[in-house]
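Tertiary structure, described
So the chains spell out like this:
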Amino acid sequence: SDDTPEVLNRALSNLSSRWKNWWVRGILTLAMITFFFIIIYLGPMVLMTIVMCVQIKCFHEIITIGYNVYHSYDLPWFRTLSWYFLLCVNYFFYGETVTDYFFTLVQREEPLRILSKYHRFISFALYLTGFCMFVLSLVKKHYRLQFYMFGWTHVTLLIIVTQSHLIIHNLFEGMIWFIVPISCVICNDIMAYMFGFFFGRTPLIKLSPKKTWEGFIGGFFATVLFGLLLSYVMSGYRCFTCPVEFNNDTNSFTVDCEPSELFQLQEYNIPLVLQSVLGWKTVRMYPFQIHSIALSTFASLIGPFGGFFASGFKRAFKIKDFANTIPGHGGIMDRFDCQYLMATFVNVYIASFIRGPNPSKLIQQFLTLRPDQQLHIFNTLKAHLVDKGLL
Amino acid sequence: EVYLEERLGELDLRSDSDVPYVPPPTDSTPEILKRALSGLSARWKNWWIRGILTLAMISGFFLIIYLGSFMLMLLVLSIQVKCYHEIITIGYRVYHSYDLPWFRSLSWYFLLCVNYFFYGETVADYFATFVQRREQLQFLIRYHRFISFALYLIGFCMFVLSLVKKHYRLQFYMFAWTHVTLLITVTQSHLVIQNLFEGMIWFLVPISSVICNDITAYIFGFFFGRTPLIKLSPKKTWEGFIGGFFSTVVFGFIFSYFLAQHQYFVCPEEYNSETNRFVTECEPSELFQMKKYSLPPLLQAVLGWEAVNMYPFQMHSIALSTFASLIGPFGGFFASGFKRAFKIKDFADTIPGHGGIMDRFDCQYLMATFVHVYITSFIRGPNPSKLLKQLLVLQPEQQLNVYKALKSHLIEKGILQPSLRG
């Protein structure tokens, strides 16, 4: 059904249907981007909450499609069980995150300390309860339906909850690792659409007939450029580049630190080819900008496969959009289909190329060892530091 | 809603009645057995076949244990591959998707990727010294996650490119089927290996408890069974369930007592880089040293003893056996429901009289996760050598901070004496 608000409808009633659609999409796009900026301004806590809400909405959208496909509204247990599993998996993931980042807070409060010590066991017990309820809820003549919904729920959880958890991890690494990837995907979406609109001729893939090679390649170059510029602007501000820390004294999040090497300007020699083109011998850049090229490249080349996957999914189940949440755009999932591979890529990229393990987590693990093991590690570390001349 | 009305009719899912019936597998009992048992009636013949195969499997199990942990790892890997194959084959038959040849390759490719990821992590942890010496392995370990993710992505993109008009839904179903199967079989087998490295006893006692529960519940049900337990499995009875529970707890208790005495079973697996072999030699932890426990007055009156010598591990074995008897069967009910849903009698016909490998392992798969979670929550802390390795990888500034934090902690606890130089 047409969800466009009455206000917009009246304002645009004069225009033809094609331009009207374009205007609706355009206005909503600007609204979403503005909203994005507002929540960035509001800080990490609000961002975490927003990510959580988006995750729940996406889960709801996909599960609703499953229900519609399988006509399984007559199995009321299933709604409850799906939401219960969502709760369990979120409890597990967010519990692990909270334990890592809010370590000192957790250690101080007694109930939290016990919950975090036996966290895995509690999560597993909660999941098992859901599993046993599922087995007990199996009804004759509906076995297959119920197994399908069980499988559907689990695959959806795997996709949605892991991604949102990884996004939060990236966020804690530094807001720039959250903003740049997401912006690159959005930029690629918009740029590919524009290049396709003006220059589009050769179709890209049968799955999405509107996509063209011209849009794809134009979008790629535009996104890389955009990524470079955005990273340049953001690397100058500490609030974006510093890891998010929880300050125990003020009980709030702080983003204050000595910027790492990644965010300090360095002189780079331009290769001879570009020297003749640009006329400069060297350029001052942040090392992070080099990484942003990798991120933008992934967003432009592999990110669209997430979109094709979602298109294939929609064709397979004969639906036009995931839902009608956003007028002109479809559901939340429609906006986020290219994002979900991005979050995993950024997380793997950071873990492989940028940072090592988290020191506070290591200290935490150290404190649970036996005294003789602790001494052994301490002495080895001491010898290593003396060796390196740091002690 | 208009679009939903136009769904493909081929997979109408309102009821189970239209599921294609998969004919029962042909009798694969070896000729020898058939001739030997030709005299007996059908019921006893079946019982004898099951009995002989059970003994054969148990003997095979003992043989592999004797051969050591490396053989056990290989066995676990083979079982995993076979279970995966069985479940995927069922998926193909249900969806008649033999005409999508890409899909076979993609399913096996995904299995390879996920195994590469999990076993790569294990190898990095346990074979640390072996790995440090070889350059190529160093590179693979350092960028392991990235390489695994890249491999997975290739499979994902191949899937998207292989989508064929008119077969979209089928392909998505198979994609999801593959992933759920991977989630179940590969994670479990990986956790089984982790438990194995903790000490063979953590591998043997849980698996034996599940097998024992299976057998004793069957026997109790055979002789005393009267009240049905659950509609899903009409052969199960409450008498069998409760009798099996008590027998399994007693069995676990006694079995742990015997195993806890030998270093071979009790010690964590270590890889000795000099001899290039696994060694199981260590100072047995407190869990495996006899302690005196005072019996509660109730049991004192019954048994007549005041105190008893036990291994602390035996207390843990009660927890493991309880799980095996009470929750393990739910894995079996899940598998029964699955078989009924897809109208198959057995997962496959690999083992005569028993069905497929998956039929034997359906109760096991929750057990492996439970044991792993139990160990990480109640038994051991993190692995010290892994921790050290991670510490040495940190930035020098971070290392200094960690050093200072550790030092103050150790001094506070009195483990380290504060020196004058600080």
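Residues numbered from 1 in each chain as written. Chains lettered and ligands numbered in written order. Predicted model: local features only at pLDDT ≥ 70, side-chain atom pairs only at ≥ 80, totals over all residues. Heavy atoms only, no water.

Some thoughts on the overall build of chain A
Applied cut-off: Secondary structure follows DSSP: runs of H or I at least 4 residues long count as helices, runs of E at least 2 residues long count as strands, and numbering of each begins at the N terminus. Relative accessibility thresholds used throughout: buried, under 20% of the residue-type maximum; exposed, over 50%; partly exposed, between the two (1.4 Å probe, protein chains only). Any two residues whose heavy atoms approach within 4.5 Å at even a single point are treated as in contact. Accessible surface area values rest on a Shrake-Rupley calculation with a 1.4 Å probe, where residue burial reflects the displayed protein chains alone.
Counting its secondary structure elements, chain A contains 18 helices and six strands. Within chain A, buried positions represent 49% of all 391 residues. Sequence-distant contacts in chain A: of pairs separated by 6 or more residues, those separated by 24 or more amount to 69%. Total accessible area computed for chain A in this model is approximately 19700 Å², and 66% of it derives from carbon and sulfur atoms.

Quick notes on the overall build of chain B
Within chain B, the secondary structure is distributed over 19 helices and six strands. For chain B, the proportion of contacts with a sequence separation of at least 24, taken over those separated by at least 6, is 69%. Total accessible area on chain B is roughly 22400 Å²; 65% of this is exposed by carbon and sulfur atoms.

Things to note about a positive patch on the surface
Selection criterion: Without a salt bridge and with relative accessible area above 30%, a residue can belong to a patch; like charges are then joined within 9 Å and nonpolar side chains (Val, Leu, Ile, Met, Phe, Trp, Tyr) within 5 Å. Any Lys or Arg side-chain nitrogen found within 4 Å of a carboxyl oxygen on Asp or Glu counts as a salt bridge. Asp and Glu are treated as the negative residues and Lys and Arg as the positive ones, with His and the ends of the chain left uncounted. Charge placement uses NZ in Lys and CZ in Arg. For Asp and Glu, CG and CD serve respectively.
A cluster of basic residues, Lys140(A), Lys141(A), Lys231(B) and Arg340(B), forms a positive patch on the protein surface. For Lys141(A), the position within the fold is in the loop between α7 (119-136) and α8 (143-173).

Describing the interface of chain B and chain A
Frequently, the measure chosen for interface size is the accessible area removed from exposure when the parts meet. Definition in use: Each residue gets one of three labels, nonpolar for Ala, Val, Leu, Ile, Met, Phe, Trp, Tyr, Cys and Pro, charged for Asp, Glu, Lys and Arg, and polar for the others, Gly among them.
On the side of chain A, 72 residues touch chain B, which itself brings 77 residues to the contact. For the pair chain B and chain A, the number of links is zero salt bridges. Of all the secondary structure elements, the ones that give two or more residues to the side of chain B that touches chain A are α1 (2-5), α4 (69-95), α8 (144-161), α9 (168-198), α15 (328-341), α17 (364-379), α18 (384-393) and α19 (396-413) of chain B. Among the elements that make up the side of chain B that touches chain A, the one with the highest residue count is α19(B) (eleven residues). A class-by-class count of the residues in the side of chain B that touches chain A yields 56 nonpolar, eleven polar and ten charged.

Notes on α9(B)
Residue and element names in this part refer to chain B. Counted only if it meets this: Multiply 1.5 Å by the residue count of a helix minus one, and that product is the helix's expected span. Fitting axes to the seven residues ending at a residue and to the seven starting there, one defines the bend at that residue as the angle between these axes.
A rise of 1.5 Å per residue sets the reference length of α9, with its 31 residues, at 45 Å; its end C-alpha atoms lie 45 Å apart and thus fit the reference within 8%. Considering bend angle alone, the principal kink of α9 is centred on Leu182 and spans about 25°. For α9, the tally of buried residues reaches 26 of 31 residues, placing the bulk of the element in the interior. Phi for Gly199, located one or two positions after α9, is positive at around 150°.

Thoughts on the UniProt feature "transmembrane region" (unreviewed entry) in chain A
Residue and element names in this part refer to chain A. The test is simple: UniProt positions are given in the numbering used here, feature names are shortened, and annotations may be inferred rather than shown by experiment.
Under the present numbering, the feature "transmembrane region" (unreviewed entry) in UniProt falls on residues 22-54, 75-94, 121-139, 146-168, 174-200, 212-234 and 288-310. Along residues 121-139, the helical share is 84% and the strand share 0%, with 30 Å between the first and last C-alpha atoms. In residues 212-234, the share of helix is 96% and the share of strand is 4%. The end C-alpha atoms are 32 Å apart.

Quick word on the nonpolar core
So the rule is basically this: By convention a nonpolar core is built from buried Ala, Val, Leu, Ile, Met, Phe, Trp, Tyr and Cys residues, the set being connected through side-chain atoms within 4.5 Å.
Counting residues in each nonpolar core, the largest one holds 176 residues, and the members touching the most others are Phe134(A), Trp177(A), Phe178(A), Phe159(B), Ile201(B), Trp202(B) and Phe203(B). The element best represented in this core is α8(A), accounting for 14 residues. The contacts of Phe203(B), once residues within four sequence positions are left out, are Phe61(B), Leu72(B), Val76(B), Val192(B) and Leu196(B). In this structure, Leu369(A), Ile377(A), Tyr403(B) and Leu406(B) belong to the second largest nonpolar core, which totals 16 residues.

Let's talk about the UniProt feature "transmembrane region" (unreviewed entry) in chain B
Per the UniProt record, the feature "transmembrane region" (unreviewed entry) sits at residues 47-79, 100-119, 139-161, 173-193, 199-225, 237-260 and 313-335 of chain B. The straight-line gap between the two end C-alpha atoms of residues 47-79 of chain B is 25 Å; of that span, 97% is helix and 0% is strand.

Points about the state of the cysteines
Residues and elements named next belong to chain A. Formally: Any pair of cysteine sulfurs within 2.5 Å is marked as a disulfide.
Taken as a whole and judged by the stated rule, the model has zero disulfides over all chains. In this model Cys58 remains outside any disulfide bridge; the closest cysteine sulfur is found in Cys53, 11 Å from its own. With no disulfide partner, Cys88 has as its closest neighbouring cysteine sulfur the one in Cys132, 12 Å distant.

Here's the deal with the packing of aromatic side chains
All names here are of chain B. Here is the rule we go by: Centres within 6.5 Å make a pair out of two Phe, Tyr or Trp rings, where for Trp the six-membered ring is used; the pair is then stacked when the planes are under 30 degrees apart, edge-to-face when over 60, and tilted otherwise.
Scanning the entire structure with this criterion turns up 69 aromatic pairs over all chains. Judged by centre distance (5.5 Å) and plane angle (90°), the ring pair of Phe159 and Phe172 falls under edge-to-face. Taken together, the positions of Phe159 in helix α8 and Phe172 in helix α9 put the pair 13 residues apart, joining distant regions of the chain. The class of Phe159 is buried, set by a relative accessible area of 0%. The exposure class of Phe172 is buried, given its relative accessible area of 7%. Where Trp238 meets Phe241, the ring centres are 5.8 Å apart and the plane angle is 85°; that geometry is what we call edge-to-face. Of the two residues, Trp238 and Phe241 are both situated in helix α11 (residues 238-259); the distance of three residues between them amounts to about one turn of the helix.

Some points on the pairing of strand β2 (residues 208-212) of chain A
All names here are of chain A. How we decide: We treat two strands as partners when DSSP finds at least two bridges between them.
Relative to β2, strand β1 (residues 203-205) runs antiparallel, the two sharing two bridges. Along β2, the bridge assignment pairs Pro203 with Thr212. Turn length for the β1-β2 hairpin, with the two strands adjacent in sequence and antiparallel, is two residues.

Quick word on the environment of Leu74(B)
Along the chain, Leu74(B) turns up in helix α4. Placed 115 residues apart in sequence, Leu74(B) and Ser189(B) show a C-alpha to C-alpha distance of 11 Å.

Observations concerning the pattern of salt bridges
According to the stated counting rule, one finds four salt bridges over all chains in the structure shown. Across the salt bridge formed by Lys57(A) and Glu61(A), the nearest N and O atoms sit 3.5 Å from each other. One end of the pair is Lys57(A) and the other is Glu61(A), both in helix α3 (residues 44-70) and four residues apart, which spans about a single turn. The partner of Glu86(B) in a salt bridge is Lys82(B), with the nearest N and O atoms 3.5 Å apart. One end of the pair, Glu86(B), and the other, Lys82(B), are both in helix α4, four residues apart, so they sit about a helical turn from each other.

Examining the packing of helix α9 (residues 176-199) of chain A against helix α13 (residues 287-301) of chain A
All names here are of chain A. Quick reminder of the rule: Lines fitted to C-alpha atoms define the axes, with helix axes restricted to the stretch in contact, and inter-axis angles between N-to-C directions lie between 0 and 180 degrees. Small angles under 35 degrees read as roughly parallel and large ones over 145 as roughly antiparallel, with 65 to 115 read as roughly perpendicular and the rest as oblique. Note: crossing handedness is left-handed where the near helix turns anticlockwise from the far helix by less than a right angle, and right-handed where it turns clockwise.
Running from N to C, α9 and α13 point in directions that differ by 40°, and their axes come no closer than 9 Å. Taken together, α9 and α13 sit at an angle that is classed as oblique. Here the hand of the crossing between α9 and α13 comes out right-handed. Seen from α9, the contacting residues are Ile176, Trp177, Val180, Pro181, Cys184, Val185 and Asn188; seen from α13, they are Phe288, Leu295, Ser296, Ala299 and Ser300.

Some points on the confidence of the model for chain A
Cut-off, in case you're wondering: Per residue, pLDDT measures the predictor's confidence, with a range of 0 to 100.
In this model, chain A carries a mean pLDDT of 81, and residues with pLDDT of at least 70 account for 86%. The spread of mean pLDDT over the elements of chain A runs between helix α1 (residues 6-11) of chain A, the lowest at 63, and helix α10 (residues 213-234) of chain A, the highest at 92.

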